[in-house]
Amino acid sequence: MSGIYLDYNASGLVRPEVQSAMAEALADGGNPNAVHAAGRRARARVETARARVADLVGADPTAVVFSSGGTESNAQAVASAIAAGCERLIVSATEHPCVAEAANASGVPVEILPVDTSGVVDLAWLAGALGRPGRALVAIHHANNESGVIQPIAEAAVLVRAAGGWLHVDAIQTAGKIPVDMRALGADTLTLSAHKLGGPQGVGALISKDGAPIIRTLHGAGQERGLRAGTENVPGIVGFGVSADCAARDLDTALAHAAWRDAAADAVTAAGAIIIGGAAERLPNTLFMAVEGWDSPQQLITLDLQGVMVSAGSACSSGKTKPSKTIMAMGLDHLATGGVRVSGGWGTTREDWQRFAAAWVEAYAKHRARTAERQKADA
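Positions within a chain are numbered from 1, following the residues in the order the chain's sequence is written. In keeping with the model being predicted, local features are shown solely for residues with a pLDDT of at least 70 and side-chain atom pairs are shown and tallied solely at 80 or more, while totals for entire chains, interfaces and linings include all residues. Side-chain metrics in this entry use all non-hydrogen atoms of the structure; hydrogen atoms and water are not considered.

### As for the overall build of the protein chain
In terms of helices and strands, the protein chain carries 12 helices and 12 strands. Throughout, radius of gyration means the C-alpha value; the globule benchmark is 2.2 Å times the number of residues raised to the power 0.38. The C-alpha atoms of the protein chain give a radius of gyration of 21 Å, which matches the 21 Å a tight globule of 379 residues would have. Summarising its shape, the C-alpha atoms of the protein chain cover approximately 75 × 55 × 35 Å along the three principal directions. For the protein chain, the proportion of its 379 residues judged to be buried stands at 55%. Pairs of residues are marked as contacts when any of their non-hydrogen atoms sit within 4.5 Å. Pairs at least 24 residues apart make up 70% of the contacts formed inside the protein chain by residues separated by at least 6 positions. Counting from the N terminus, the helices are DSSP H or I runs at least four residues long and the strands are E runs at least two residues long. Buried residues are those whose accessible area, probed at 1.4 Å on protein chains only, stays under 20% of the maximum for their type, while exposed residues exceed 50% and partly exposed ones sit between those limits.

What follows is the structure, given as structure tokens:
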């Protein structure tokens, strides 16, 4: 890829190891539910991948249900919790749209768990809400996809468990970037997505703890232990497994990206940017920044012309000019249309972060100069 790619939170570049493994699986073919030799080879590939994905988050392979991606798996988690008797849903204010919209479409009452000015969920509010009647599903993503702010999941799990609730954790952004242990987090269900790890798009997983009753939302034959009908996407699942294995192997390198990110943050802050969630613990690869008076699309286009690819935040809303839900939830409405998210990954270098910072600082200085000239002319 030409240019500098710093949009891994939207979709990571596919790792070479993944491409090779997927090509081999595609060439071999075979339905994993068939009993002949090709089918058995396909089944072995699927189960090897299942074990690799489970290992990444400290889960049992039998708890992994493959899907078409994080959106489907999050929806299945919400539906399963409701089927298990959850009468109300508590969803964090900065949750990914696929969780928030699944909750809103469920027909079950939804309450919004607020966050503070750093984007961290309010545990005192949660404790009060859990004290009210009705079993609750609590959905808190492990880290926000825009700001990278990491949530106190284990602490929230103590509150949810004491109230007899169900805790769902979207760990799509954290897996492979920081250590993720499902048991230590205390989640009833947890979701992952391959393309955030350097795997292919269109493959995800729902992982449940022992005893969590998962229901199927796609009906048909008995694939995935009867929990997700449809012939398995063998090449995609193989790529998922390899990417999970690589992400676990490269975790120390992923953590080391924080220093490069922080150096870039210092440079843009000195030029006038505000770091969103900068006072909280964040993913090491993520920088979410904003300025007032320079809208996100203009920043993205300017940077893209210089060969630097970043985003305005959630990939589901990039290209749209609506304000950032995350920034607004943090009470920073004046910055909500000026956010830029920079996110590195397995192919990112220190020089990539340096080039981004230099390009943005130069572009912002020119923007401010043009703005000053217009104001002077209008005076």
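### A closer look at the environment of threonine 94
Note that threonine 94 resides in the loop between strand E3 (88–92) and helix H4 (97–104). Classification of threonine 94 as buried rests on a relative accessible area of 3%. A sequence separation of 64 residues divides threonine 94 from valine 158, and the C-alpha atoms of the two residues are 21 Å apart. Sequence-distant contacts of threonine 94, defined by excluding residues within four places in its chain, comprise Val115, His141, Asn144, Asn145, Gln151, Lys325, Thr326 and Ala329. Think of a polar contact as two N or O atoms within 3.5 Å of one another; within protein, one of them needs to be a possible hydrogen donor and the other a possible acceptor, and neighboring residues in sequence only count if both atoms come from side chains. A polar side-chain atom of threonine 94 sits 3.2 Å from a polar atom in the side chain of histidine 141.

### Overview of the nonpolar core
The nonpolar side chains of a soluble globular protein tend to be buried with one another. Here, the term nonpolar core denotes a set of buried Ala, Val, Leu, Ile, Met, Phe, Trp, Tyr and Cys residues that are joined through side-chain atoms within 4.5 Å. Counting 59 residues, the largest nonpolar core has Val53, Phe66, Leu190, Leu192, Ile207 and Phe240 as the members making the most contacts within it. Among the elements that line this core, the one with the most residues is helix H8 (residues 234–249), at eight residues. For phenylalanine 66, the residues in contact, after removing those within four places along its chain, are Val46, Ala49, Arg50, Val53, Gly204, Ala205, Glu224, Arg228, Ile237 and Phe240. Counting 27 residues, the second-largest nonpolar core is a separate cluster that includes Ala264, Ile275, Met289 and Ala312.

### Some words on the pairing of E3
In terms of burial, E3 is a largely internal element, five of the five residues being buried. Neither face of E3 is exposed, since Arg88, Ile90 and Ser92 on one face and Leu89 and Val91 on the opposite face are all buried. For two strands to pair, DSSP has to find at least two bridges joining them. The pairing of E3 with strand E5 (residues 136–139) spans four bridges and is classified as parallel. Counted as the bridge partner of leucine 89 is leucine 137 from E5. Across four bridges, E3 lies against strand E4 (residues 110–113) in parallel orientation. Residue pairing for E4: isoleucine 90 is matched across the bridge by glutamate 111.

### Focus on the side chain of serine 92
The topology assignment puts serine 92 in strand E3. Only 2.4 Å separates the side chain of serine 92 from the side chain of glutamate 95, close enough to count as a polar contact. For serine 92, the residues in contact, after removing those within four places along its chain, are Leu113, Val121, Ala139, Ile140 and His141.

### A closer look at the sheet that holds strand E7 (residues 189–193)
Strands belonging to one sheet form pairs held by backbone hydrogen bonds; the direction of such a pair is parallel or antiparallel. Pairing in this open sheet of seven strands is mixed, and the strands run E2-E8-E7-E6-E5-E3-E4 from one edge to the other. The strands lining the two open edges of the sheet, one partner per strand, are strand E2 (64–67) and E4. Between one strand axis and the next, the sheet turns by 20° as a mean value, whatever way the strands run. Across the sheet, helix H5 (residues 123–130) touches E3, E4 and E5, and the angle it forms with E3 is around 175°. Working convention: axes come from line fits to C-alpha atoms, limited for helices to the stretch in contact. Angles between N-to-C directions cover 0 to 180 degrees.

### Re the packing of aromatic side chains
Here a pair means two rings of Phe, Tyr or Trp (six-membered ring of Trp) with centres within 6.5 Å. Their orientation is stacked below 30 degrees between planes, edge-to-face above 60, and tilted elsewhere. All chains considered together, the criterion is met by five aromatic pairs. Ring centres of tyrosine 5 and tyrosine 8 lie 5.4 Å apart, and the angle between their planes is 70°; this geometry places the pair in the edge-to-face category. Relative accessible area serves as the criterion here: at 16%, tyrosine 5 is assigned to the buried category. Its relative accessible area of 4% is what places tyrosine 8 among the buried residues. Seen from their ring centres, tryptophan 294 and tyrosine 364 are 5.6 Å apart, and the 15° between their planes marks the pair as stacked. Separated by 70 residues along the polypeptide, tryptophan 294 in the loop between strand E10 (286–290) and helix H10 (296–305) and tyrosine 364 in helix H12 (residues 350–378) bring together distant segments of the chain. Counting every residue linked through ring pairs, the aromatic cluster contains Trp294, Trp360 and Tyr364. Any Lys NZ or Arg CZ found within 6 Å of a ring centre and within 35 degrees of that ring's normal is scored as a charge over the ring. The aromatic ring of tryptophan 125 is capped on one face by arginine 132, whose charged end is 5.9 Å from the ring centroid.

### Let's talk about the packing of helix H1 (residues 16–28) against H8
Geometry of a packed helix pair, given as the angle between the helix axes and the separation of the axes. At a minimum axis separation of 8 Å, H1 and H8 run at an interaxial angle of 155°. One element, H1, and the other, H8, form an angle in the roughly antiparallel class. The crossing of H1 and H8 is right-handed. Residues Glu17, Val18, Ala21, Met22, Ala25 and Leu26 of H1 pack against Pro235, Gly236, Val238, Gly239, Val242, Ser243, Cys246 and Arg249 of H8. Of the residues that constitute the contact of H1 with H8, the class distribution is nine nonpolar, three polar and two charged. What sets the label is the angle itself: under 35 degrees gives roughly parallel, over 145 gives roughly antiparallel, 65 to 115 gives roughly perpendicular, and the rest give oblique. Put simply, a crossing is left-handed when the front helix is turned counterclockwise from the back one by less than a right angle, and right-handed when it is turned clockwise. In this count, Pro and Cys sit with the nonpolar residues alongside Ala, Val, Leu, Ile, Met, Phe, Trp and Tyr, while Asp, Glu, Lys and Arg are called charged and the others, Gly among them, polar.

### Some words on the packing of helix H3 (residues 70–83) against H4
Two elements in contact, H3 and H4, have axes separated by 9 Å at closest approach and are oriented at 35°. Relative to H4, the crossing made by H3 is right-handed. Residues Gly70, Thr71, Asn74, Ala75 and Val78 of H3 form the contact with H4, whose own contacting residues are Cys98, Val99, Ala102 and Ala103. Here the contact of H3 with H4 is composed, by residue class, of six nonpolar, three polar and no charged.

### Remarks on the pattern of salt bridges
Where side chains of opposite charge bring their charged atoms close, a pairing between them can arise. Any carboxyl oxygen of Asp or Glu within 4 Å of a side-chain nitrogen of Lys or Arg constitutes a salt bridge here. Applying the stated rule across the entire model yields 18 salt bridges. The partner of aspartate 245 in a salt bridge is arginine 52, and the shortest N-O contact between them spans 3.8 Å. Here aspartate 245 is found in helix H8, whereas its partner arginine 52 is found in helix H2 (residues 37–56), with 193 residues between them in sequence. A relative accessible area of 39% means that aspartate 245 is categorised as partly exposed. Of the charged contacts, one joins glutamate 362 and lysine 366 as a salt bridge, the two residues approaching to 3.2 Å between their closest N and O atoms. On the criterion of helical spacing, the pair formed by glutamate 362 and lysine 366 is a turn pair, its members being four residues apart in helix H12.

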